[in-house]
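# Inside the fold
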Amino acid sequence: MSFIEARSLVKKYHKVKALDEVSFEIEEGTVFGILGPNGAGKSTAILMLSTLLKPDEGEILYNGSSTIKNPGILRPILGLVPQDIALYQNLSAKENLEFWGRIYGVKEPLLTSRISEIARLVGLSDRLRDKVDTLSGGMKRRLNIAAALIHKPRVIIMDEPTVGIDAQSRKYIISAIKQLNAEGSTIIYTSHYIDEVESLCHKITILDRGRVIACGNKEELRRKSGVREKITIELDSNDENKHQIIPEVLAAFPDSEVTQDDRMVEVVTDELSTKLSKILNVFDRNNVKVAQVNIDKPNLEKIYFSLIENKAEAAD
Ligand code: ADP
């Protein structure tokens, strides 16, 4: 049984299907990413996971029980970080955290220690006494995150927490997410920054036009996209043996594309990490001297666009 499971979620707005049979599973203690172009259905899915919107059809299960029939099973352990700032401008950062702590039922003396802990996490310990309207936009965003997490929720939902903020605040937010996850929180995360999703998320679901087009870890998405990995092996220019290597590599890896010029051999393949030492062994066995090795692994951005474009072509 999964920690959180979305089963065949459907949501229609008039004729638009914002979600069309969307399913995915989130394991406890992981960071789960939702990616997709504008209008893909990310916000709709996030609102449903937050128990703020009911689907027309489908189920969301938390430890096997329906959060649609019974939102109260999830809400006390949920921290929702919205994009909009929900802070009192005339109160200090600390007073805002005290306010949200009371809303979530965190009592003294726990509240004081929790405020210090969460302020440290988002890098605002030295600004706690300052009024919110004196803080920068990025600091307000960090304080907003701290307010949403004051009750130490086990499940944290973050909707584009880093959009449009300065690099320093972005860095604090990313490291806070890593720390929260290391302490055991399960995190559901959306962002337009694909590099952030790549560095943070254990599993990613890609939505497009209300449907899941792929779901898995980066390697699973890469396989599904068909984007391959490349290793370039630079040869020793004086080596007499270098011209005979292609047939040997091809014989060892028939599923790979192998090309060679006078200076290098290029192998385009899948599952490179499991093949790397075997490829280099072929050179060694044939006494071909290797001067340098370069590995080109596709990043998540390349994989993502390949999946989205293939899907768009199939649909047209
Ligand atoms: P994303 O967050 O990926 O940009 P959304 O979940 O906001 O996508 O929207 C998915 C689709 O549903 C879009 O076509 C959007 O226009 C439509 N939609 C979302 N919310 C509403 C609403 N309240 N009323 C009408 N249409 C909506």
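Everything here concerns the structure above.
Notes on the structure follow. These numbers were taken from a predicted model, which means no experiment stands behind them.

Definitions and limits used
Residues numbered from 1 in each chain as written. Predicted model: local features only at pLDDT ≥ 70, side-chain atom pairs only at ≥ 80, totals over all residues. Heavy atoms only, no water. Axes fitted to C-alpha atoms, helices over the stretch in contact; angles between N-to-C directions. Helix = DSSP H or I, 4+ residues; strand = E, 2+ residues; numbered from the N terminus. Parallel < 35°, antiparallel > 145°, perpendicular 65-115°, else oblique. Left-handed = near helix turned anticlockwise from the far one by under 90°. Contact = heavy atoms within 4.5 Å. Nonpolar A, V, L, I, M, F, W, Y, C, P; charged D, E, K, R; others polar. Buried < 20%, exposed > 50% of the residue type's maximum accessible area, 1.4 Å probe, protein only. Pairing = 2+ DSSP bridges. Near = heavy atom within 4 Å. Polar contact = N/O pair within 3.5 Å; in protein donor to acceptor, adjacent residues only side chain to side chain. Areas by Shrake-Rupley, 256 points an atom, 1.4 Å probe, with all protein chains shown as cover.

## Notes on the packing of helix H2 (residues 93–103) against helix H3 (residues 110–121)
Where H2 meets H3, the axes come as close as 10 Å, and the angle between the chain directions of the two elements is 125°. What the angle tells us is that H2 and H3 run oblique. As for how H2 packs across H3, the hand of that crossing is right-handed. Residues Lys94, Leu97, Glu98 and Gly101 of H2 form the contact with H3, whose own contacting residues are Leu111, Ile115 and Ile118. Residue composition of the contact of H2 with H3, by class: 4 nonpolar, 1 polar and 2 charged.

## Some remarks on the pairing of strand S9 (residues 203–208)
Of all 6 residues that make up S9, 5 are buried, and the element is covered over most of its length. In this structure, strand S3 (residues 31–35) lies alongside S9, joined through 4 bridges in parallel fashion. Residue pairing in the sheet places leucine 35 in a bridge with isoleucine 206 of S9. Summarising the sheet, S9 and strand S10 (residues 211–216) pair through 5 bridges and their orientation is antiparallel. Opposite isoleucine 204, over in S10, you have glycine 216 as the bridge partner. The turn joining S9 and S10, which pair antiparallel and follow one another in sequence, is formed by 2 residues; a positive phi near 50° is taken by arginine 209.

## With respect to the site of the ligand
The environment of the ligand is formed by Tyr13, Val16, Ala18, Pro37, Asn38, Gly39, Ala40, Gly41, Lys42, Ser43 and Thr44. One of the backbone nitrogen or oxygen atoms of lysine 42 is found 2.9 Å away from an oxygen atom of the ligand. Measuring from an oxygen atom of the ligand, one finds a side-chain N or O atom of threonine 44 at 2.5 Å. The protein chains hide 59% of the 560 Å² of surface that the ligand would expose on its own. Among the elements of the structure, strand S2 (16–26) and helix H1 (42–49) are those that each provide at least two residues to the shell around the ligand. The element that contributes the greatest number of residues to the shell around the ligand is H1, accounting for 3 residues. Residues belonging to the shell around the ligand are distributed by class as follows: 5 nonpolar, 5 polar and 1 charged.

Worth remembering: the numbers are spatial, not functional.
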